[in-house]
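# Examining the three-dimensional arrangement
So the chains spell out like this:
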Amino acid sequence: MPELPEVETIVRGLERRVVGDMIESVWIGSRKQPLKSPAALIAGTLEGKRIDRVHRAGKHIVFELKSFATLPKGKRSEKPDNNAAQWVVHLGMTGRMVVSEPSTEIAKHTHLIATLASGRQLRFVDPRMFGKLSVHSAGFDPGGVEPLEVSEERFIALFRGRKTPIKSALLNQKLARGVGNIYADESLFRAGIRPRRRAAAITRKELGKLYRSVREVLREAISLGGSSVSDYVDADGEEGFFQLQHHVYGREGEPCHTCGTAIRRVVLVGRSSHYCPKCQK
Ligand SMILES: [Zn+2]
């Protein structure tokens, strides 16, 4: 499942390739599962719009769209664009956003094809259909704070006093968005905190350490281009990801890189959590 760093990498790839291009036409498949807005509304919103910006909100890809007709050639309208819109894509478990040449064979499980004025196509492919496509007029907000933007004070305040295990709190997208299973485990390892500890039992100082660890892990993964262990590809359709060296995630029974103790795995709310019983308290 793509986490924040993978989505950030995909967003940067898309930004380079499609910003400034115009969506000429949209084809939407017959499967309803990925559509969180009606198909006709998605097509109607996208068609004729220019892609002004691509950015990330949590694990969502947000395309900022401007109405092309209101921007005469060579002129920049300073007036607010009443036809601005947002196209929001969540990749779910197996979703991919691919920039393709029209001659490229259409992959199985393609749910949307946006043909651009440049001749290229933006395709959304998702075999398992946990991905989501929607359109919004403005101000899309997935909830939660952005871990790379939030202040230390605010981060600590979010987690302090919670009765749930710290790992569950980290995965709660309504608190901090975009931190998934892999990066939660790696952040807790660096902060020296066991995943099962109740958030309420963690000191302010430790939460400060966790705040820095989360940001450090996410930044490192972004600089490596994401560290996904699943099989998706970047905006070019190429394998674009390098694996961040995991210290605990997926390493049950293997020696801790710091102390040599065997890494343990516990299941917390249905998700595997990995930790070093010596380095993490
Ligand atoms: Zn250790």
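Just above sits the structure.
A few words now on the sheet that holds strand β3 (residues 60–67). Neighbouring strands of a sheet are bound in pairs by backbone hydrogen bonds; such pairs are parallel or else antiparallel. Taking strand neighbours across the sheet as the criterion, the four strands line up as β2-β3-β4-β8 in an open arrangement whose pairing is antiparallel. Each edge of the open sheet is held by one strand with a lone partner, namely β2 (49–57) and β8 (132–136). This sheet shows a mean twist of 20 degrees between the axes of neighbouring strands, independent of strand direction. Examined bridge by bridge, β3 and strand β4 (residues 85–90) share six bridges and lie antiparallel to one another.

Glancing now at the coordination of the zinc ion. Note on metal sites: the ideal angle is 109.5 degrees for four tetrahedral donors, and 90 or 180 degrees for six octahedral donors. Distances from the zinc ion to its protein donors, namely C256 (SG), C259 (SG), C276 (SG) and C279 (SG), fall within the range 2.3 to 2.4 Å. Every donor counted, the four donor atoms about the zinc ion form angles of 102 to 112 degrees at the centre, which fits tetrahedral coordination. Spacing between the donor residues of the zinc ion along their common chain follows C-x2-C-x16-C-x2-C. In this pair, C259 is assigned in the loop between α6 (204–223) and β9 (264–268) and C279 in the segment after β10 (271–275), connecting sequence segments 20 residues apart.

Another point: the sheet that holds strand β7 (residues 121–125). Spatially, β1-β6-β7-β5 is the arrangement adopted by the four strands of the open sheet, whose pairing is antiparallel. Unpaired on one side and paired on the other, β1 (23–28) and β5 (96–100) mark the two borders of the sheet. Sheet twist, expressed as the mean angle between neighbouring strand axes with direction ignored, is 15 degrees. This element, helix α1 (residues 4–18), spans β5, β6 (110–116) and β7 of the sheet and lies at about 25 degrees to β5. Each of β1 and β6 is contacted by helix α2 (residues 39–46), which is oriented at about 165 degrees to β1, the strand it contacts most.

Take the pairing of β2 next. Pairing of β2 with β3, which is carried by eight bridges, proceeds in the antiparallel orientation. Bridging from a neighbouring strand, R56 pairs with I61 of β3. Once β2 ends, the chain turns through two residues before running back antiparallel as β3, passing G58 with a positive phi of about 60 degrees.

This part is about the environment of R12. If you trace the backbone, R12 turns up in helix α1. Each C-alpha atom, one on R12 and one on H55, is 7.8 Å from the other, the two residues being 43 residues apart in sequence.

Any two side chains of opposite charge can pair, on the condition that their charged atoms come close. Throughout the structure, instances matching the rule amount to 16 salt bridges. As a salt-bridge pair, K66 and D52 come within 3.1 Å of each other at their nearest N and O atoms. Within this pair, whereas K66 is found in strand β3, its partner D52 is found in strand β2, the two being separated by 14 residues in sequence. We classify D52 as partly exposed; its relative accessible area is 28%. The residue R177 makes a salt bridge to D141 at a minimum N-O spacing of 3.4 Å. Within this pair, whereas R177 is found in the loop between α4 (166–171) and α5 (181–191), its partner D141 is found in the loop between β8 and α3 (152–159), the two being separated by 36 residues in sequence. We classify R177 as buried; its relative accessible area is 13%.

Turning to α1, a few remarks are in order. The terminal C-alpha atoms of α1, which comprises 15 residues, lie 21 Å apart, in line with the 21 Å expected from a rise of 1.5 Å per residue. Counting buried residues in α1 gives 12 out of 15 residues, a clear majority hidden from the surface. Taken as a whole, α1 has its buried residues at L4, P5, E6, V7, E8, T9, I10, V11, G13, L14, R17 and V18. Count one or two residues on from α1 and you reach G20, which has phi positive near 95 degrees.

About the thresholds
- Residues numbered from 1 in each chain as written.
- Predicted model: local features only at pLDDT ≥ 70, side-chain atom pairs only at ≥ 80, totals over all residues.
- Heavy atoms only, no water.
- Pairing = 2+ DSSP bridges.
- Helix = DSSP H or I, 4+ residues; strand = E, 2+ residues; numbered from the N terminus.
- Axes fitted to C-alpha atoms, helices over the stretch in contact; angles between N-to-C directions.
- Donors = N, O, S within 2.8 Å, 3.2 Å for Na, K, Ca; no water.
- Tetrahedral: all angles 85-135°; square planar, octahedral: opposite > 155°, others 65-115°.
- Contact = heavy atoms within 4.5 Å.
- Salt bridge = Lys/Arg side-chain N within 4 Å of Asp/Glu carboxyl O.
- Buried < 20%, exposed > 50% of the residue type's maximum accessible area, 1.4 Å probe, protein only.
- Expected span 1.5 Å × (residues − 1).

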